[in-house]
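Chain by chain, the residues:
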Amino acid sequence: MARSQETETHGPAPSPQEAPGTLGVGMVGYAFMGAAHSQGWRTAGHVFDLPLRPALAAICGRDRAAVDAAAARHGWAAAETDWRALIARDDVQLIDICTPGDSHAEIAIAALEAGKHVLCEKPLANNVAEAEAMVRAAEAASARGQVAMVGFNYRKVPAISFARQLIAEGRLGPLRHVRATYLQDWLVDPASPLTWRLKREHAGSGALGDLGAHIVDLAQYLSGELLTGVSAVAETFVRERPLLAGAPAGLSGGADTVERGEVTVDDAAIFTGRLASGALASFEATRMAAGRKNALRLEINGELGSLAFDLERLNELSFHDHTEPAATAGFRRVLVTEPEHPYLEAWWPPGHGLGYEHTFVHQARDVVRTIAEGAPPVPSFADGLQVQRVLAAVEESAAKNSVHTPVPSPS
């Protein structure tokens, strides 16, 4: 993957005098990610001039009372309890998948074969074989004019998109190091319940797939390079947890005081890697870092300079230009709120920051424009498959006492 200019900002939007057509959206899932995606679909057309108007046609979940409540809360016109019925609806042109990873492949492939566009949350699947099947379905659908995209929402942070531009322009020169960490603490307490995210059959992996997928994608996205090999360690610190009592709330939920079950995924994973150019990379993903709520940090060092990003200060970049005189050189704070920055032409005056939820608005904008323009999807299912291959190599390395494990090249 050669370095290139940002590809996710598409051509000019239609003039306000043109009445846009409608893109009927059907979403599977209504919990944390369902709420976030709903916010994006509901807001995008009110902020950006879009060539198609997203219409929240129907939301789907297995629990009738819960999905009806979600539809009312988030503005969906109808509710379904069977995703097959959702796909069959004539008023739905795009299926948005916000379910646990074990159902991604089945739903996405069925939707693509039915002629629908698809947006699927990350990680793309629970294993490489499922991701490969999804890519094959996406390639066949692309020939019919359909779009299949994967939801790596942190690409849509304006500061990260701007960092991508600076790196692609050569402002850092040849890259030497990429450092990426994603730290959370919601599993520090051993009494936290055994939710689906802690079961391999539903989640595929633990912190590795949940958090590591994001930082692997961002490392490759920002650098414009693929990881070629990894060496890893992983650990499950709490091997049994109380069973979940009632419905989950947010990431966790209430715990049963007696019954316990086995945790079958990792709590933390740490790994090193090498990019195609020879640059080195390091990664840390954990849900056991006390005091860290959603701490994603990236630093990229090159021959000519460095960039750093911290999600807890997501409207900022730290930039060091190493070509400046040493007496005055140093990291400087860049406030990424100017209309010249990615996505910000439609938002507030300079200095008025955005937040986490805006990444899903930008994601919805990009999906709509990609469909309307017939542009290549970015990030594509192929991008999701590449991340899945890295995650699989990390698991293999960790299981083999950290032996260096190559990441298969895209065919």
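Residues numbered from 1 in each chain as written. Predicted model: local features only at pLDDT ≥ 70, side-chain atom pairs only at ≥ 80, totals over all residues. Heavy atoms only, no water.

An unreviewed UniProt entry annotates the chain as Oxidoreductase of Streptomyces griseus subsp. griseus.

A. Fine view of the UniProt feature "domain: Gfo/Idh/MocA-like oxidoreductase N-terminal" (unreviewed entry) in the chain. In the numbering used here, UniProt assigns the feature "domain: Gfo/Idh/MocA-like oxidoreductase N-terminal" (unreviewed entry) to residues 24–147. In residues 24–147, the share of helix is 47% and the share of strand is 20%. The end C-alpha atoms are 14 Å apart. (UniProt positions renumbered as here; feature names shortened; annotations may be inferred. Helix = DSSP H or I, 4+ residues; strand = E, 2+ residues; numbered from the N terminus.)

B. Local environment of the pairing of strand β7 (residues 175–183). Two strands pair when backbone bridges link them, and β7 and strand β13 (residues 295–302) are joined in this way by 8 bridges, in the antiparallel orientation. By the bridge assignment for β13, Arg-179 is matched with Glu-299. Pairing of β7 with strand β12 (residues 280–286) involves 7 bridges; the strand directions are parallel. Bridging across to β12, His-177 finds its partner in Leu-280. (Pairing = 2+ DSSP bridges.)

C. Layout of the sheet that holds strand β1 (residues 21–28). Pairing is parallel across the open sheet formed by 6 strands, whose spatial order is β3-β2-β1-β4-β5-β6. A single partner strand is all that each edge strand has here, and the edge strands are β3 (79–80) and β6 (148–151). The pairing of strand β2 (residues 52–60) with β3 spans 2 bridges and is classified as parallel. Within the sheet, the bridge partner assigned to Ile-59 lies in β3 and is Ala-79.

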